[in-house]
Structures are given as C-alpha cells and as structure tokens.
Amino acid sequence: MPELPEVETIVRDLAPRLRGRTIRGAQVRWPRTIAAPAPDEFVAKVAGLRFETFDRRGKYMIFGLARDDQSHFRGVAPTRWLIIHLRMTGRIDLSPHGHQADPHTHVILELDDGADMSFRDPRKFGRIWLVADPQQAIGRLGPEPFDPTFSAQTLAKRLNGRRTAVKALLLDQSIVAGVGNIYADEALFEARMHPARPGASLSPDEVERLHVAVQLVLARAINGGGSSLGSGSTNYVRPGGEAGGYQEEHRVFRRTGQPCPICATPIQRLRIAQRSTHFCPSCQPE
DNA sequence: AAGAATGTTACATG
DNA sequence: ACATGTAACATTCT
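Think of each chain on its own: its residues are numbered from 1, step by step along the sequence as written. Note on labels: chains are lettered from A, ligands numbered from 1, in written order. Per-residue local features are limited, in this predicted model, to residues with pLDDT of at least 70; the limit for side-chain atom pairs, both in listing and counting, is 80 or more; totals at the level of whole chains, interfaces and linings are taken over all residues. With hydrogens and water set aside, each side-chain value is computed from the structure's full complement of heavy atoms.

A count of helices and strands for chain A gives seven helices and eleven strands. Computation of the radius of gyration draws on C-alpha atoms alone. For the globule rule, the value is 2.2 Å times the number of residues to the power 0.38. Its C-alpha radius of gyration of 20 Å places chain A within 12% of the 19 Å reference for a compact globule of 286 residues. For the C-alpha atoms alone, the extent of chain A along its principal axes is close to 65 × 35 × 30 Å. Under the scheme applied here, a residue whose accessible area is under 20% of the maximum for its type counts as buried, over 50% as exposed, and between as partly exposed, the area being computed with a 1.4 Å probe on protein chains only. Sorting the 286 residues of chain A into buried and exposed places 52% on the buried side. For the area figures, the Shrake-Rupley method with a 1.4 Å probe applies, and any residue is considered shielded solely by the protein chains shown. Only carbon and sulfur atoms are counted for the fraction: they give 49% of the accessible area of chain A, which is about 12900 Å². Only four residue types enter the charge count, namely Lys and Arg as positive and Asp and Glu as negative; His and the chain termini do not. To locate a charge, take atom NZ for lysine, CZ for arginine, CG for aspartate or CD for glutamate. Averaging the coordinates of the 38 positive side-chain charges in chain A and doing the same for the 31 negative ones gives two points 5 Å apart. Helical segments are the DSSP runs of H or I of at least four residues, strand segments are the runs of E of at least two, and each set is numbered from the N terminus.

Right, let's get into the pattern of salt bridges. Salt-bridge detection follows one rule: a side-chain nitrogen of Lys or Arg within 4 Å of a carboxyl oxygen of Asp or Glu. By the definition in use, this model includes 15 salt bridges. A salt bridge links Arg91 to Asp93; the nearest nitrogen and oxygen atoms lie 3.6 Å apart. The partner of Arg197 in a salt bridge is Glu206, with the nearest N and O atoms 2.8 Å apart. Of the two residues examined, Arg197 and Glu206, each falls in the buried class. Bridged by salt links that share partners, the residues Glu8, Arg12, Arg56, Arg57 and Glu144 form one connected network.

For each residue, the test is whether any non-hydrogen atom lies within 4 Å of the molecule or strand; if one does, the residue is near. In the neighbourhood of DNA strand B, 18 residues make up the surrounding shell, with His85, Met88, Phe125, Arg269 and Arg271 lying closest. Taking all atoms of DNA strand B within 4 Å of the protein, the share assigned to sugar and phosphate is 59%. Between DNA strand B and Arg269, the relevant distance is 2.5 Å, taken from a phosphate oxygen to a side-chain nitrogen or oxygen of the residue. Within the residue set of the surface near DNA strand B, elements represented by two or more residues are strand E10 (268-272) and strand E11 (275-279). Side-chain classes follow a simple rule in which Ala, Val, Leu, Ile, Met, Phe, Trp, Tyr, Cys and Pro form the nonpolar group, Asp, Glu, Lys and Arg form the charged group, and the remainder, Gly included, forms the polar group. Per-class residue counts for the surface near DNA strand B are five nonpolar, five polar and eight charged. Each polar contact in these results corresponds to two N or O atoms within 3.5 Å; when the atoms are within protein, one needs to be able to donate a hydrogen and the other to accept it, and residues that are neighboring in sequence are counted only if both atoms are side-chain atoms.

Let us look at the nonpolar core. In this structure, Phe42, Phe51, Phe63, Leu82, Ile84 and Met117 are the most contacted members of the largest nonpolar core, which totals 31 residues. The element best represented in this core is helix H1 (residues 4-18), accounting for six residues. In what follows, a contact means two residues having at least one pair of non-hydrogen atoms within 4.5 Å. For Phe63, the residues in contact, after removing those within four places along its chain, are Leu14, Phe51, Thr53, Phe54, Arg80, Trp81, Leu82, Ile84 and Met117. By size, the runner-up hydrophobic cluster in this structure holds 28 residues, among which are Ile175, Ile182, Val207 and Ala221. In plain words, nonpolar cores are sets of buried Ala, Val, Leu, Ile, Met, Phe, Trp, Tyr and Cys residues tied together by side-chain atoms within 4.5 Å.

The next subject is empty space enclosed by the protein. Cavities and pockets were defined on a 1 Å grid built over protein atoms only: a cavity is a set of grid points that admits a 1.4 Å probe from which the probe cannot escape, a pocket is an open set flanked by protein on both sides within 12 Å along at least five of seven lines, and lining residues are those with an atom within 4 Å of any such point. Grid points are joined across faces, edges and corners, and a volume is the space filled by probe spheres set on the points. A full pass over the atoms with the stated rule returns two cavities of 30 Å³ or more. What lines the largest cavity is Phe42, Leu82, Ile84, Ile92, Val107, Leu109, Met117, Ser118, Phe119 and Ile128. When residues of the lining of the largest cavity are traced back to their parent elements, those giving at least two are strand E5 (80-85), strand E7 (105-111) and strand E8 (115-120). Among the elements that make up the lining of the largest cavity, the one with the highest residue count is E8 (three residues). Looking at the lining of the largest cavity, its residues break down into nine nonpolar, one polar and no charged. What fixes the domain bounds is an automatic or database domain assignment. The residue makeup of the lining of the second largest cavity includes at least three contributed by each of domain 1 (4-138) and domain 2 (152-279).

By the element assignment, Arg269 lies in strand E10. We classify Arg269 as exposed; its relative accessible area is 52%. For Arg269 and Val252, which are 17 residues apart along the polypeptide, the C-alpha to C-alpha distance reads 9.2 Å.

This paragraph deals with the protein's contact with DNA strand C. Lining the immediate environment of DNA strand C, one finds 14 residues, of which Arg32, His104, Arg123, Arg162 and Thr164 sit closest. Near the protein, meaning within 4 Å, the atoms of DNA strand C are sugar or phosphate in a fraction of 56%, with bases accounting for the rest. Note that a phosphate oxygen of DNA strand C is positioned 2.6 Å from one of the side-chain N or O atoms of His104. Contact between DNA strand C and Thr164: a phosphate oxygen at 2.7 Å from a side-chain N or O atom of the residue. Considered class by class, the residues forming the surface near DNA strand C number three nonpolar, six polar and five charged.

A common measure of how large an interface is: the accessible area buried when the components associate. In terms of domains, chain A is made up of domain 1 (4-138) and domain 2 (152-279). Taken residue by residue, the interface counts 19 residues in domain 1 and 19 residues in domain 2. When two parts are put together, the accessible area they lose, computed with a 1.4 Å probe and summed over both, is reported as buried area. With both chains or domains summed, domain 1 and domain 2 bury close to 1600 Å², and 62% of this area falls on carbon and sulfur atoms. Taken together, the connections running from domain 1 to domain 2 amount to five residue pairs in polar contact (both at pLDDT 80 or more). Going through the elements one at a time, H1 and strand E6 (91-96) are the ones with two or more residues in the side of domain 1 that touches domain 2. The leading source of residues in the side of domain 1 that touches domain 2 is H1, at nine residues. For the side of domain 1 that touches domain 2, a count of residues per class yields seven nonpolar, three polar and nine charged.

Here it is as structure tokens:
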C-alpha cells in the first residue's frame, strides 16, 4: 500500500534512472487508468517529452516534462506534468523494451534508452494524468507533513470541533497529505494516543505529540525504504524490484495479538472509518 | 470453496 | 461544514 514513504522512495529511485530520458511512445492497455487527457490524446502528447524534474506531493508522484525537440539543452522549465497516483496496488516497473508485459500492466512508456517504464496495477484504482498544471490532478490537498505549514497549531485548528476519531482525521488528505492506514496506526502508537479519540478531545500537548509522531514515523519509514507487506503480487516493491524494509519496524500495524514492544500487552484490532486499526490498549488508553 | 477483507479517493447522500 | 456510506476493482485471506 503505497503511502507517502513508499511514493517518496519510488520517486528517489526513479530520478537518477529517468533524468534526461525522452519518452518515445506510449501504450495504453486499460484506458481508464488515464485520468486526463483522453487516452488517445495522452498517447499523442506524451511522445517526445523529456523527464526534467522529480517530485512528490502527498501520495502523488509529479514528473516535470519538457519538449525534447531539436534542443540539446537540458534543464529547461517543464511544460507538461506527468502525475501518477498508485492508490492501493499500483507500481512502477522498469524493464527492457519489448519484454512480455504481465496482464496487470495497464500503461507502458517507451524510453529512449531502450527501457520500458510500466504502470502495473491489479486493482486498477491507480491514475495517471498529463496536464499543464499539477493542480488539475491534485486538487485540494492538505499541507506536506514536513512543510512549516504543517505545524501543531495548524493541526490543532483542523482538529478543532471534530467529533470524528483522530485516526480517521489522519487519513483525511486535506488535513495532512500522505498518511495512510499503516502510518496512521504507527503515528498514533508513537504518540501514545487511542485511535478512537475524537479530534476535539485532544489537549494542545497531545496535538503537539501527534504532530511530532507523524513526522517521526514518516521520516523513519522513508529511511527504511517504505513498507512491503505480504508476498503477493499486490505488494509494494521499488522500481528495481526490491522490497522496502520498514515493515520490520512496525510496532502495531498488522501485529494483532503480538506483544506491544513497550509493555508486552497484546496488540488489539478494531475498525475505524472502515479501516482495520491496530493499537496497544495499555499504552494508548481511551 | 464461497464469501469477506483488503485500502485510497471521488462522489453521493444525510 | 460535517458525517457517513459507496463505487471503482481483483487478489488474498478466512
């Protein structure tokens, strides 16, 4: 499940491989993957564009592309943006051109160095945009967790008056961008906070703790290369195929019944906002 | 082996 | 504005 740390890892892996590469052509095998423009227009317009910049916003990957033309100069300002959201099971693979694409590969970008950049997504929830302005794809997204605009104060303001469980609020991308189910649970454990606590019930101290915990957990996960869970074909892997390592550091996520790393109380599971939620009943009291 | 669970976001309905 | 629920899907788990 690619959340912010997984997406960040993928973008970092991709940047040195793709910088300066030109897209020669594209194949769209499942048209609905292309959110904008129309799939045939996407194929026509993406050819001849060169990768210039590499970014991430929340769980969106943002590639700045420039027209290749006859210019030999690199580093020109991007004129088009290729934006990819992996949703649940999307992933990016790099492989030699013309390789046998598996049945869940929905879009293939052919690069000028003989490689194919493929978008593979068994559940087909992932989306790709080619737009003139990133806002067209990203819409209204909350602050980046490491940006100064995400502070204990701004978080407190967004939690103010909300009766919704704090876990559900962490998953709300308009409050803070990039937190998904894994890191919401891990951050709440780090903050020693019960996931069902109403947003409005947090004291200023607790909001501060939560703010720090979100940043800490995400930063650690990025350092670990993200989390790979399970072994199925839907699992997250890096573009080179290797797994992340942060799943080894999970303290509560998918550890129901196992001892809490702090107090050895068995981890419990409950359902909040239709998502399974893991916590230590002793370290994270109601 | 049928049925439920999985998790992200946009959209719809109170 | 807020709260809740559902669709979009196919694989994996029970």
